[in-house]
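# Notes for the structure review
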Amino acid sequence: MVLRTVSALMFCFVLFAAILPAAADEAPISEATEECLGCHTTFHPGIVADWFKSRHATVTPAAARAKDELERRVSAAEIPEELRATAVGCAECHMLRNDQHADTFDHNGMDIHVVVSPDDCATCHSVERDQYRQNTMSHAHGNLAINAVYQKLEQSILGPFEARDSRIHLGTANDLTRAEACYSCHGTRLRVTGIETRETDAGELEFPVIDGWPNQGVGRINLDGSKGACTACHTRHRFAIEMARKPHTCKQCHVGPDVPVYKVYSASKHGNIYEAMKAGWQFENVPWTVGQDFEAPTCAVCHVSLVVDEDGVVVSERSHRMNDRIAWRQFGLIYAHAHPKSPDTTKIQNKDNQPLPTAFDGTPAHDFLIDANEQARRTALMQQTCRACHDASWINGHWQRYDNTLRQSNAAVAVATGLMSEIWQAGYADPTNPFDESIERRWSEGWLFYGNSTRFSASMAGGGDYGVFANGRFQMSQVIMDLQDWLNQRRAIEKKAE
Amino acid sequence: MVLRTVSALMFCFVLFAAILPAAADEAPISEATEECLGCHTTFHPGIVADWFKSRHATVTPAAARAKDELERRVSAAEIPEELRATAVGCAECHMLRNDQHADTFDHNGMDIHVVVSPDDCATCHSVERDQYRQNTMSHAHGNLAINAVYQKLEQSILGPFEARDSRIHLGTANDLTRAEACYSCHGTRLRVTGIETRETDAGELEFPVIDGWPNQGVGRINLDGSKGACTACHTRHRFAIEMARKPHTCKQCHVGPDVPVYKVYSASKHGNIYEAMKAGWQFENVPWTVGQDFEAPTCAVCHVSLVVDEDGVVVSERSHRMNDRIAWRQFGLIYAHAHPKSPDTTKIQNKDNQPLPTAFDGTPAHDFLIDANEQARRTALMQQTCRACHDASWINGHWQRYDNTLRQSNAAVAVATGLMSEIWQAGYADPTNPFDESIERRWSEGWLFYGNSTRFSASMAGGGDYGVFANGRFQMSQVIMDLQDWLNQRRAIEKKAE
Amino acid sequence: MVLRTVSALMFCFVLFAAILPAAADEAPISEATEECLGCHTTFHPGIVADWFKSRHATVTPAAARAKDELERRVSAAEIPEELRATAVGCAECHMLRNDQHADTFDHNGMDIHVVVSPDDCATCHSVERDQYRQNTMSHAHGNLAINAVYQKLEQSILGPFEARDSRIHLGTANDLTRAEACYSCHGTRLRVTGIETRETDAGELEFPVIDGWPNQGVGRINLDGSKGACTACHTRHRFAIEMARKPHTCKQCHVGPDVPVYKVYSASKHGNIYEAMKAGWQFENVPWTVGQDFEAPTCAVCHVSLVVDEDGVVVSERSHRMNDRIAWRQFGLIYAHAHPKSPDTTKIQNKDNQPLPTAFDGTPAHDFLIDANEQARRTALMQQTCRACHDASWINGHWQRYDNTLRQSNAAVAVATGLMSEIWQAGYADPTNPFDESIERRWSEGWLFYGNSTRFSASMAGGGDYGVFANGRFQMSQVIMDLQDWLNQRRAIEKKAE
């Protein structure tokens, strides 16, 4: 095997020369980026090749800015002069706003930072950053980490556990477990904890040590204080819009039984059309033409992308505030409810002073949730996309059923919760942490998995197998029966003893 | 944003002119369809673009009828003269047999109906309609809705539920829930309940109100009395044979643990070949050439499509009576059994006078099921497809195992059912509705999910992971153990009290 | 329908002439293979067409051997002279080493054997055969069939079952069930049990009867005594490297909750990139160039394939000893542990004299497992592939979390096992077979499904939804709570009776 450890500098200069012409026609590569590529082409050939295929490597910000409005992929009113005329390469992002980043360090004479943040990207994509800031996802870290009730659920899942005195005692999960588990999607809080020296292929070098890294969670707390990771969906280092538009990207965090969005989609008619016909579709075009570029919606069509018809008339506008068209929050603790007003949900208080959008009896925390007018407005926005292919009688029929499913699934959760309350009142379980005992967990599955799944199936798929047998009503009704059965058994044990 | 509400008529005429040339070369668009397109291109650009890509838009019925027999996609002996020479557009389907459809209404001076039915499609595709009528799927609505035992299962799943007096009381699910859940796949019963006036982009218009709409379930009861929805598999408005031939289409209704056909397929060698190699396959050709057009079967290859070899010799004939080659029904209540004779299964009566193909003790309702000769005939038909790639020793080995799995899985269900009967006899559960108590549900999972999954795995995949750990024998054996455990606990409680 | 039973010999000669020119340009077809094709093109058109698309049909071994080392797909130092100059067709494989195969029989005057084995393939691919022999997979049959503890688990899953005297009695599964279930992936033991005469399309012919056939399990015991089936991954009769490199191939055996590798991959960032971008990738090239041919790893990239950078520098070497880079075995009975030294795991003995790599209390059977140095060596090999796209801070962060997850998941299993031990000690369950009672099965799910899933999620996906809610920590913690709950109920029943 040829050794990959090379006499670094020699090699770098050779490559340097070889690389240049490849992309130079379209967007010249800056000197700083050339220097980066000189070594990293050898050390990390995969990401470098990836970047060379990217739009960032081939179109200058100036050219991107000059496009017609509908075709424009950069939204900043003005792009800094020094960035306008070169490809958006290593240096352009990793050296941007260095003074704002706690992980900026000297790397072979260049100041760079490891973690590129939404505020860096905002240099060209400011509107998207601004919208995303108002998107619930951007607050995913704090919405979980600061919510006292959610923390009890998290603790009951992550452990560590100890079985003692006929019950399970919960410890505190370490940071590695938390980063690996919940915060993999919710986003970690990054922190520079020191500097380390590492032996590299290019010799001994110093690097910052970053706690919580690597992470591409949607609510990552970055080293410049900004929230989110554009790379959660716009995967490095190609950043292909094609990828963000495909449902596999959303699947990374939306596939488990708690938010089985991808599974529901892929069992739906829309998902079916996508899987069967996508080979002939166009995922790169901006704007994205319904019927012509694609024949059925992906997640992005309904929630994010700028969609037009063949005459260029806008069907739906681009938005990175992805709850723009979402009237209901289908999951949460523990009922479906009107969407929260603020992306920061930690301030919500229900009538029982819990930081939850509904009380355990189902009463919504109205003050913190959008009202019926705003719900209607968002629904109308969503339906505008539907109308590209469906008429009003179809759309109304769909929504009638969806509304009914929200009511029915909430009612089923209420029955389960009523039984759980009986169990708590009888002293058969301890509500101090309502999630850490066997029967509490069975109840939790009801709303966390089956209530949610039923609703997602109703909202996206228009019903079917998923909402009935594959983690839907079959399982929800079984939870209710199991709660009743457990209570009956427990009572029988007590009674027989009398 | 450009407003999509337009001064409708003006716009329509402009478009009208623009659209025509696009498709006129191949199949002229009728005047009536042109009128439809004039507006709907603006209002529903997605489906119109979809249709323009369809065979219906580009080939006249006359040209389709003139093809060589094996290449022919229309089966009617004679196509009505007025339809022969134009593209099969909006008007050709939505204005067909108007007097038969309860939803026919005046729409801008044209009589149209919303719901196109198999009997409409039969105008050109009569053989397929006739075959489908004898396919169990076409009776999927009634087979569920009219079967008293299945209705108990449906009720226990859909609710609504009330917990009172230490047990779960079942209400009656409303029509919206039923349409959203079971009948999403089984098909709703459509009914015109009135006329409504809606404000549309083209001004105020009247439309029929259709109960049960939208729906594309395989057993939909249509407004002309026909059963089924061709669009369940031949998705509107492109109706691509490519899509019907891909397994994602079947997945829509066959993915849950009750009929995990897609999951089993996608974990099988056949599914593996499909996923890995399909990019180079040809899904449009009629007839479909084994080895050349595709290298491994999709669902359609074994159950529906006309397959030939490279010399045009027929390997297997097209059939829309999809149980043509199916000897066994692998699911049902509660055992695998010989396939029912009639697509209408409501008339079946077992020895205990239940409308079920087997009794709870496993005895088949022989009179209503095909006999061993017919089973052998169907198996031989299926094996004809297998033989395109496998020799007899392979095929026989496969079938030996499959037969064994049917026997073994039925035996396991019998053990579980024996335990359930003990529980009923002891009075620990109430068999009035055998599906609405916790322990009854555990038993139901046994045959509804795990028995089925094991059999599908044996029939399609040739065994493996799916039939063992992913909802197969592991879970089936656990059901048996759980039933025993529950019974033991219950007895212990009773006994200790003595 | 045209009958496929033809006057065989006539037809064969006609085809014979027609076939020859198709492939003759590149690799002449041997006379023997021509004779095979003469009939089998008619009888099994699918596999013949498949083979004609294969590399075996178009490149001679001599030409394959003459390629530059990195591009070479045959590894034998010398290829037998008689095989060098023709395509690798039917006869070249099915007539090879006939004297070694128990299923060799006379077939129309030619001696052939049905089952081609790794030792046949080794004629050209000797290095791969040698490596695979040292791969744990090659011993998959015996590692399950000979291990007394695993046999108890197998028996408790496969049955048959009898419920009698308040407990479940296990019988012995028949060979068909075993072949269909566990040994579908683990590989059956093939045995010739006789000769049968069959009526075929070419008249009456004799064939060997092979017990355990068909099977493509990774540890199949072949009729020449060799172990394994190259066709498990290199699917007949195209043997496309493209297929072996795609994750769907691994999915066949690695998708259930016991080894949910495919599911974890497909929900990971790597799987996301693969699904979204693969249409533009190159899966046929040897060597395989990172960044250029593919942009994210499939299973093969990390575990098997020869990967180079754009300058042809080797990133990772080809190996069919797939545990070369695997430091930990993430599943087993019942903890994660250092990888076994020998591919034959039947000789392992833990401190309690069980044939298991760890004791039930977690103590590893050190003597039979690789040491920390070897683990470090394997980890370093694996990281070499990671480095093609990730820097050391990323890689180290990933591995820190992975190591932590191994520890934490083992600790959770230990808590569950502690509770199970209490139950055994209290006499509430019988440890003779530790897998055949309801509560034992609940415990088994803990380590067999949820411990495993959590670890796979950590190792491949870098965490996320799968390791938390989709068969991960949520379910693992629930197992612990359920064990405690069951024990509490049981104690309460006993106590109340006192």
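What you see is a predicted model; the values in this text were computed from it and never measured. Within every chain, residues take consecutive numbers counted from 1 along the sequence as written. Written order determines the labels here, with chains lettered from A and ligands numbered from 1. Reporting in this predicted model follows two pLDDT cut-offs: at least 70 for local features of residues, and 80 or more for side-chain atom pairs to be given and counted; totals over whole chains, interfaces and linings ignore these cut-offs and use all residues. Note: side-chain values were computed over all heavy atoms of the structure, leaving out hydrogens and water.

## Concerning the overall build of chain A
Numbering of helices and strands starts at the N terminus; helices are DSSP runs of H or I of at least 4 residues and strands are runs of E of at least 2. Looking only at helices and strands, one finds 23 helices and eleven strands in chain A. For a compact globule the rule gives 2.2 Å times the number of residues to the power 0.38, and the radius of gyration it is set against comes from C-alpha atoms. Radius of gyration (C-alpha) of chain A: 26 Å, near the 23 Å computed for a compact globule of 498 residues. In terms of overall dimensions, chain A has a C-alpha envelope of 90 × 60 × 45 Å along the principal axes. Evaluated residue by residue, chain A yields a buried proportion of 61% over its 498 residues. Of the roughly 19100 Å² of accessible surface on chain A, 54% is carried by carbon and sulfur atoms. The charge count includes Lys and Arg as positive and Asp and Glu as negative, but it does not include His or the ends of the chains. One atom stands in for each charge, and that atom is NZ of Lys, CZ of Arg, CG of Asp or CD of Glu. On chain A, the mean spot of the 48 positive side-chain charges and the mean spot of the 63 negative ones are 7 Å from each other. Three labels apply to residues, based on accessible area from a 1.4 Å probe with only protein chains included: buried if under 20% of the type maximum, exposed if over 50%, partly exposed otherwise in between. With residues, only the protein chains shown are counted as cover, and all accessible areas are computed by Shrake-Rupley using a 1.4 Å probe.

## A closer look at the interface of chain A and chain C
Here, residues are in contact when the closest pair of their heavy atoms is within 4.5 Å. In this complex, chain A contributes 74 residues to the contact, which on the side of chain C involves 64 residues. Accessible area, probed at 1.4 Å, shrinks when two parts are joined; the buried area is that loss added up over both. Here chain A and chain C share an interface that buries about 6100 Å² over both sides, 58% of which is from carbon and sulfur atoms. What makes a salt bridge here is a side-chain nitrogen of Lys or Arg within 4 Å of a carboxyl oxygen of Asp or Glu, nothing more. The interface formed by chain A and chain C contains three salt bridges. Between Arg 387 of chain C and Asp 201 of chain A there is a salt bridge, with the nearest N and O atoms lying 2.9 Å from each other.

## Describing the confidence of the model for chain A
Residue and element names in this part refer to chain A. In predicted models, pLDDT denotes the confidence assigned by the predictor to each residue on a 0 to 100 scale. For chain A, the mean per-residue pLDDT works out to 93, and 94% of the residues sit at or above 70. Counting contacts from residues 1–24, a segment whose pLDDT is below 50, to residues more than four positions away or on other chains yields 40 contacts. Per the prediction output, this complex has pTM 0.94; the corresponding ipTM is 0.94.

## Quick word on a negative patch on the surface
Residues and elements named next belong to chain A. Together, Asp 106, Asp 111, Glu 199, Glu 204 and Glu 206 line one region of the surface with negative charge. Secondary-structure assignment places Asp 111 in strand β2 (residues 110–112). For Asp 111, a relative accessible area of 41% puts it in the partly exposed group. Like-charged residues are merged into a patch within 9 Å and nonpolar side chains (Val, Leu, Ile, Met, Phe, Trp, Tyr) within 5 Å, provided each residue has over 30% relative accessible area and no salt bridge.

## Quick notes on the sheet that holds strand β8 (residues 307–308) of chain B
Residue and element names in this part refer to chain B. When DSSP finds two or more bridges between a pair of strands, those strands are recorded as paired. Overall, mixed pairing links the three strands, which are arranged β7-β8-β9 in an open sheet. What marks the edges here is a single partner per strand, and that holds for β7 (288–289) and β9 (314–316). Pairing analysis gives two bridges linking β8 to β9, with the strands arranged antiparallel. Across the sheet, the residue bridging to Val 308 is Val 314, located in β9.

## Describing the relation of the copies chain A and chain C
All copies are superposed by least squares; the fitting set is the C-alpha atoms of residues with a pLDDT of at least 70 in both. The two copies are related by a screw operation: chain A maps onto chain C through 120 degrees of rotation and 0.0 Å of translation along the axis, at an RMSD of 0.0 Å. Accordingly, the operation relating the two chain copies is best matched by a three-fold axis. Different-surface contact between copies: only 1% of interface residues of chain A are shared with the interface of chain C.

## Here's the deal with the relation of the copies chain B and chain A
Mapping chain B onto chain A calls for a rotation angle of 120 degrees and an axial translation of 0.0 Å; the resulting RMSD is 0.0 Å. Mapped onto chain A, only 1% of the interface residues of chain B are again interface residues, and the two copies thus contact each other with different surfaces.

## Here we look at the environment of Thr 235 of chain C
With respect to the helices, strands and loops of the structure, Thr 235 of chain C is situated in the loop between β6 (203–211) and α14 (241–244). Between the C-alpha atom of Thr 235 of chain C and that of Thr 249 of chain C, which follows or precedes it by 14 residues, the distance is 8.8 Å. The contact partners of Thr 235 of chain C, leaving out residues within four places of it in the chain, are Lys 269 and Ile 273 of chain B together with Ala 240 and Met 243 of chain C.

## Some points on the interface of chain B and chain A
When the parts of a complex come together, some accessible area is lost, and that lost area is often taken as the interface size. With 72 residues of chain B in contact, the opposing surface of chain A contributes 64 residues. Overall, the association of chain B and chain A removes approximately 6000 Å² of surface from exposure, summing both partners, and the carbon and sulfur fraction of that is 58%. For the pair chain B and chain A, the number of links is three salt bridges. In this structure, Lys 53 of chain B and Glu 295 of chain A form a salt bridge, with 2.9 Å as the shortest nitrogen-oxygen distance. A per-element tally of the side of chain B that touches chain A places helix α21 (residues 438–461) of chain B first, with six residues.

## A word on the sheet that holds strand β9 (residues 314–316) of chain C
All names here are of chain C. A sheet is described by the order of its strands in space; here three strands give the open sequence β7-β8-β9, paired in mixed fashion. Each having just a single partner strand, β7 (288–289) and β9 make up the two edges of the open sheet. In this sheet, strand β8 (residues 307–308) lies alongside β7 in parallel orientation, the contact comprising two bridges. Paired with Trp 288 across the bridge in β8 is Val 307.

## Let's talk about the pattern of salt bridges
Considering all chains together, one arrives at 81 salt bridges over all chains under this definition. Residue Asp 224 of chain C pairs with Arg 97 of chain C through a salt bridge whose shortest N-O separation is 3.0 Å. With Asp 224 of chain C in the loop between β6 and α14 and Arg 97 of chain C in the loop between α7 (90–94) and β1 (105–107), the pair connects residues that are 127 residues apart, well separated along the chain. We classify Arg 97 of chain C as partly exposed; its relative accessible area is 24%. A single salt-bridge network, built from bridges that share partners, covers Asp 119, Arg 129, Asp 130 and Arg 133 of chain A.

## Let's talk about the domain arrangement of chain A
All names here are of chain A. Here chain A is described as being made up of domain 1 (1–96), domain 2 (116–239) and domain 3 (260–497). A C-alpha centroid distance of 42 Å is found between domain 1 and domain 3. Counting each side, the surface lost to burial between domain 1 and domain 3 is near 450 Å², with a carbon and sulfur contribution of 55%. The three residues of domain 1 that bury the most area against domain 3 are Leu 70, Glu 71 and Arg 73, which together make up 88% of that side's buried surface. Linking domain 1 with domain 3 are zero salt bridges, by the criterion used here. Where a domain begins and ends is set by an automatic assignment or by a domain database.

## Description of the side chain of Asp 50 of chain C
Mapped onto the elements, Asp 50 of chain C comes out in helix α3 (residues 45–52). The buried charged residue Asp 50 of chain C lacks any salt bridge, with Arg 238 of chain C as its nearest oppositely charged partner at 5.0 Å. Apart from the residues lying within four places of it in its own chain, the contact partners of Asp 50 of chain C are Glu 295 of chain B together with Arg 236, His 237 and Arg 238 of chain C.

## What about the side chain of Asp 309 of chain B?
Tracing the backbone shows Asp 309 of chain B in the loop between β8 and β9. Polar contacts involving the side chain of Asp 309 of chain B include one to the main-chain amide nitrogen of Asp 311 of chain B, which spans 2.9 Å. The contacts of Asp 309 of chain B, once residues within four sequence positions are left out, are Thr 289, Val 290 and Val 315 of chain B together with Thr 42 and Pro 45 of chain C. Polar contacts here mean pairs of N or O atoms no more than 3.5 Å apart (in protein, one a potential hydrogen donor and the other a potential acceptor; neighbouring residues in sequence count only if both atoms are side-chain atoms).

## Section: unusual backbone geometry
Of note, the bond from Gly 159 of chain B into Pro 160 of chain B is cis; its omega dihedral lies within 30 degrees of zero at 0 degrees. Mapped onto the elements of the fold, Pro 160 of chain B is located in the loop between α11 (148–158) and β3 (161–164). With omega at 0 degrees, the peptide bond leading from Val 286 of chain B into Pro 287 of chain B counts as cis. Structurally, Pro 287 of chain B can be placed in the loop between α17 (269–277) and β7. Non-glycine residue Phe 239 of chain B carries a positive phi angle of around 55 degrees. You can see Phe 239 of chain B is positioned in the loop between β6 (203–211) and α14 (241–244). Residues other than glycine seldom take positive phi values, yet Ser 166 of chain C does so here, at roughly 60 degrees. With respect to the helices and strands, Ser 166 of chain C occurs in the loop between β3 (161–164) and β4 (167–170). A residue is classified by how much of its surface remains accessible, and Ser 166 of chain C, at 36% relative accessible area, is partly exposed.

## Points about the packing of aromatic side chains
Where two aromatic rings form a pair, the distance of their centres and the angle of their planes describe that pair. Two aromatic rings from Phe, Tyr or Trp, using only the six-membered ring of Trp, form a pair when their centres are within 6.5 Å; if the ring planes differ by under 30 degrees the pair is stacked, by over 60 it is edge-to-face, and anything between is tilted. With the rule as written, the count across this model stands at 60 aromatic pairs over all chains. Taking 6.0 Å as the distance between ring centres and 65 degrees as the angle between the ring planes, the aromatic pair formed by Tyr 274 of chain A and Trp 281 of chain A counts as edge-to-face. Residue Tyr 274 of chain A shares its accessibility class with Trp 281 of chain A, and that shared class is buried. Here Phe 474 of chain A and Phe 449 of chain B contribute two aromatic rings whose centre-to-centre distance is 4.8 Å and whose plane-to-plane angle is 50 degrees, an arrangement assigned as tilted. Taken together, the residues span two chains, with Phe 474 of chain A in helix α23 (residues 473–497) and Phe 449 of chain B in helix α21. Assessed through its relative accessible area of 0%, Phe 474 of chain A is described here as buried. The exposure class of Phe 449 of chain B is buried, given its relative accessible area of 3%. Criterion for a charge above a ring: Arg CZ or Lys NZ at most 6 Å from the ring centre, at most 35 degrees from the ring normal. The ring centre of Phe 207 of chain C lies 4.0 Å from the NZ or CZ of Arg 198 of chain C, which sits over that ring. If you follow Arg 245 of chain C out to its NZ or CZ, it ends over the ring of Trp 288 of chain C, 4.0 Å from the centre.

## With respect to helix α2 (residues 31–43) of chain C
For an α-helix the count is 3.6 residues per turn, leaving residues at separations of three or four pointing the same way. Residues and elements named next belong to chain C. By this rule the span expected of a helix is its residue count minus one, scaled by 1.5 Å. Here α2 is 13 residues long and its end C-alpha atoms lie 19 Å apart, about the 18 Å a rise of 1.5 Å per residue gives. Note on bend: the value at a residue is the angle between axes fitted to the seven residues ending there and to the seven starting there. Taken as a whole, α2 carries its principal kink of about 30 degrees at Leu 37. For α2, the full list of buried residues reads Thr 33, Glu 34, Cys 36, Leu 37, Gly 38, Cys 39, Thr 41, Thr 42 and Phe 43.

## Notes on the pairing of strand β4 (residues 167–170) of chain A
Consecutive residues of a regular strand have side chains that alternate between opposite faces of the sheet. Residue and element names in this part refer to chain A. Looking at chain direction, strand β3 (residues 161–164) and β4 are connected through four bridges and run antiparallel. Each bridged residue has a counterpart across the sheet, and for Phe 161 the counterpart in β4 is Leu 170. Counting the residues that bridge the hairpin from β3 to β4 gives two residues, and of these Asp 165 lies at a positive phi of roughly 55 degrees.

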